[in-house]
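# Breakdown of the fold
Chain residues, written in single-letter form:
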Amino acid sequence: MTEDVFARLVAGDGYLEDLFVAPDVRGVGSALIAQVRTAATDAGAHKVYWLTQSGNATARRLYDSLATDTGFVHYQMEL
């Protein structure tokens, strides 16, 4: 089973940087996010947030069931 979760605290908020679950074990994402939520709560965070690709329908269905879609679209500029 391959599952990677990278999370960190940024300015007192939990930031879920990357969540990857191999296709053969899909279905554990909500449990992984629950662990991130617990860790963030234990660390004193007030919220957890993350980004995903707008076209990632599979991930967005999961995220929509667990969190609020803030409506923001992320942009960045490489330096």
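Here's what I pulled together on the structure shown here. (Residues numbered from 1 in each chain as written. Predicted model: local features only at pLDDT ≥ 70, side-chain atom pairs only at ≥ 80, totals over all residues. Heavy atoms only, no water.)

## Some remarks on the overall build of the protein chain
- For the protein chain, the helix and strand inventory stands at two helices and three strands.
- Traced from its N-terminal end to its C-terminal end, the protein chain shows the element sequence β-β-α-β-α. (Helix = DSSP H or I, 4+ residues; strand = E, 2+ residues; numbered from the N terminus.)

## Considerations on the pattern of salt bridges
- Evaluation of the coordinates by the stated rule reveals two salt bridges.
- Among the ionic pairs, Lys47 bridges to Asp13, the shortest N-O distance being 3.9 Å. Of this pair, Lys47 sits in the loop between helix H1 (29-42) and strand E3 (48-49) while Asp13 sits in strand E2 (residues 13-21), and the two are 34 residues apart along the sequence.
- Classification of Asp13 as buried rests on a relative accessible area of 18%. (Salt bridge = Lys/Arg side-chain N within 4 Å of Asp/Glu carboxyl O. Buried < 20%, exposed > 50% of the residue type's maximum accessible area, 1.4 Å probe, protein only.)

## Re the packing of aromatic side chains
- Under the defined criterion, the tally for this structure stands at two aromatic pairs.
- With a centroid separation of 5.0 Å and 40° between ring planes, the pair formed by Tyr15 and Tyr49 is classed as tilted. With a gap of 34 residues between them, Tyr15 in strand E2 and Tyr49 in strand E3 connect regions that are remote in the sequence.
- By relative accessible area, which is 14% here, Tyr15 ends up buried.
- Look at Tyr49 and you get partly exposed, because its relative accessible area is 32%.
- The interplanar angle of 65° and the centroid separation of 5.3 Å between the aromatic rings of Trp50 and Tyr63 together place this pair among those described as edge-to-face. Of this pair, Trp50 sits in the loop between E3 and helix H2 (57-66) while Tyr63 is found in helix H2, placing the two residues 13 residues apart along the sequence. Neither residue differs from the other here; Trp50 and Tyr63 are each classed as buried. (Phe/Tyr/Trp six-rings, centres within 6.5 Å; stacked < 30°, edge-to-face > 60°.)

## A short note on H1
- Its 14 residues place the ends of H1 20 Å apart at the C-alpha level, agreeing with the 20 Å of an ideal helix rising 1.5 Å per residue.
- At the C-terminal side of H1, Gly44 shows a positive phi close to 90°. (Expected span 1.5 Å × (residues − 1).)

## What about the packing of H1 against H2?
- Between H1 and H2, the least distance of the axes is 11 Å, while the angle of their chain directions is 50°. On the basis of their axis angle, the class for H1 and H2 is oblique. Between H1 and H2 lies a crossing of right-handed hand. Along the contact surface, H1 presents Gly29, Ser30 and Ile33, while H2 presents Leu62, Tyr63 and Leu66. (Axes fitted to C-alpha atoms, helices over the stretch in contact; angles between N-to-C directions. Parallel < 35°, antiparallel > 145°, perpendicular 65-115°, else oblique. Left-handed = near helix turned anticlockwise from the far one by under 90°. Contact = heavy atoms within 4.5 Å.)

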